[in-house]
Amino acid sequence: MRGCQGAEKATGGAFILYIGRAKDLKTRLGILLHKPELGHRIGTSSKLQLGSRRRDSSQEVLEWRESFDQLLKSKSGVTAFHTFLKTEFSEENLDFWLACEDFKKTRSKTKLASKANRIFEEFVQSEAPREVNIDHETREITRKNLSGATSACFNEAQAKTRTLMEKDSYPRFLKSASYQDMTRQATSCGISKRSHT
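The rules we used
- Residues numbered from 1 in each chain as written.
- Predicted model: local features only at pLDDT ≥ 70, side-chain atom pairs only at ≥ 80, totals over all residues.
- Heavy atoms only, no water.
- Helix = DSSP H or I, 4+ residues; strand = E, 2+ residues; numbered from the N terminus.
- Buried < 20%, exposed > 50% of the residue type's maximum accessible area, 1.4 Å probe, protein only.
- Contact = heavy atoms within 4.5 Å.
- Axes fitted to C-alpha atoms, helices over the stretch in contact; angles between N-to-C directions.
- Parallel < 35°, antiparallel > 145°, perpendicular 65-115°, else oblique.
- Left-handed = near helix turned anticlockwise from the far one by under 90°.
- Expected span 1.5 Å × (residues − 1).
- Phe/Tyr/Trp six-rings, centres within 6.5 Å; stacked < 30°, edge-to-face > 60°.
- Salt bridge = Lys/Arg side-chain N within 4 Å of Asp/Glu carboxyl O.
- Core = buried A, V, L, I, M, F, W, Y, C linked by side-chain atoms within 4.5 Å.
- Polar contact = N/O pair within 3.5 Å; in protein donor to acceptor, adjacent residues only side chain to side chain.

Okay, the overall build of the chain next. Summing up its helical and strand segments, the chain has nine helices and zero strands in all. Residue burial in the chain is summarised as follows: out of 197 residues, 35% are buried. If you take every contact in the chain between residues at least 6 apart in sequence, the share linking residues at least 24 apart comes to 62%.

Let us now look at the packing of helix H5 (residues 91-104) against helix H8 (residues 155-175). Following both chains from N to C, one finds H5 and H8 inclined at 140 degrees, their axes separated by 9 Å at the closest point. Judged by the inter-axis angle, H5 sits oblique to H8. Between H5 and H8 lies a crossing whose hand is left-handed. Of the residues in H8, those in contact with Asn-93, Leu-94, Phe-96, Trp-97, Cys-100, Glu-101 and Lys-104 of H5 are Asn-155, Ala-157, Gln-158, Thr-161, Arg-162, Leu-164 and Met-165.

Our focus in this paragraph is H5. Between the first and last C-alpha of H5 there are 20 Å, a value that for 14 residues agrees with the 20 Å anticipated at 1.5 Å per step. Buried within H5 we find Glu-91, Glu-92, Asn-93, Leu-94, Asp-95, Phe-96, Trp-97, Ala-99, Cys-100 and Phe-103.

Moving on to the packing of aromatic side chains. For the coordinates displayed, the defined rule picks out nine aromatic pairs. Between Phe-81 and Phe-173, the ring centres sit 5.5 Å apart and the planes meet at 75 degrees, which makes this aromatic pair edge-to-face. Of this pair, Phe-81 sits in helix H4 (residues 75-87) while Phe-173 sits in helix H8, and the two are 92 residues apart along the sequence. There is no split in this pair, since Phe-81 and Phe-173 are both buried. Aromatic rings pair up to connect Trp-64, Phe-68, Phe-81, Phe-84, Tyr-170, Phe-173 and Tyr-179 into one cluster.

Before going further, it helps to spend a moment on the environment of Phe-123. Relative to the elements of secondary structure, Phe-123 occurs in helix H6 (residues 109-124). For Phe-123, a relative accessible area of 3% translates into the label buried. Sequence separation between Phe-123 and Ala-99 is 24 residues; the distance between their C-alpha atoms is 9.6 Å. Setting aside residues up to four positions removed in sequence, Phe-123 forms contacts with Glu-92, Asp-95, Phe-96, Ala-99, Ala-128, Arg-130, Glu-131 and Val-132.

To continue, consider the pattern of salt bridges. Tallied over the entire structure, the rule returns 11 salt bridges. Ionic pairing is found between Glu-101 and Lys-104, a salt bridge with its closest N-O pair at 3.4 Å. One end of the pair is Glu-101 and the other is Lys-104, both in helix H5 and three residues apart, which spans about a single turn. Between Arg-162 and Glu-166 there is a salt bridge; the shortest N-O distance is 2.8 Å.

Turning our attention to the environment of Glu-166. With respect to the element layout, Glu-166 can be found in helix H8. Separated by 97 residues in sequence, Glu-166 and Asp-69 have C-alpha atoms that sit 9.1 Å apart. In this view, Glu-166 contacts Phe-68 and Pro-171; residues no more than four positions away in its chain are not counted.

The next point concerns the nonpolar core. Here is a general trend for soluble globular proteins: nonpolar side chains tend to be buried in one another's company. Ranked by internal contacts, the top residues of the largest apolar core, which has 20 residues, are Trp-64, Phe-68, Leu-71, Phe-81, Leu-94, Met-165 and Phe-173. Looking at this core, the elements that each hand over two or more residues are helix H2 (58-63), helix H3 (68-73), H4, H5, H8 and helix H9 (177-196). Ranked by the residues each element gives to this core, the list is headed by H4, at five residues. In contact with Met-165, not counting residues within four places along its chain, are Phe-68, Phe-81, Leu-85, Asn-93, Leu-94, Trp-97, Tyr-170 and Pro-171.

When you line up the elements, Ser-74 lands in the loop between H3 and H4. Taking the C-alpha atoms as reference points, Ser-74 and Glu-60, 14 residues apart in sequence, are found 7.7 Å from one another. Setting aside its immediate chain neighbours within four residues, Ser-74 contacts Glu-60 and Trp-64. Within the structure, Ser-74 has its side chain in polar contact with the side chain of Ser-76 (distance 3.3 Å). Of the polar contacts made by the side chain of Ser-74, one reaches the backbone nitrogen of Gly-77; its length is 2.8 Å.

Next comes the structure, spelled out in structure tokens:
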């Protein structure tokens, strides 16, 4: 009988972890379904909307497909990519990459250490609230780098996350209905500009 109780406790812990993840997923879905600024409304198309504001030029939208770097250089490109990643529940990868970029600009040693710990706790440590998909070895290297936090302590983890986005999420973004719609709009905008000149 004791063996069964031990098994119950072990599976109970896994069940609690599963319930926690399920609640987190439910919260994320609720946010997506109820925020019209994310381009989603119940019963409407899941395409991202450019809206009436045309901050991104037609040319800029078309340049995003040239390279992942072009997309990351564009503020509106990062916003569109982030919105797409939310639909795939993988925005933590971009958020981590952006947090690292901001972290590298920190000059104060005191702020550097506290920011490093916050980033590690939010994105890198095992079971972090917004854990990024990196291997155990990279996670441990990053943990060791925290002891003497420098602006480069997340470089390896950031590079792995960037590569994952470039090889996995970025191609799906380019094939997505939302980006295809943006390119059609950009192309038609470019054609109408030429015909008016």
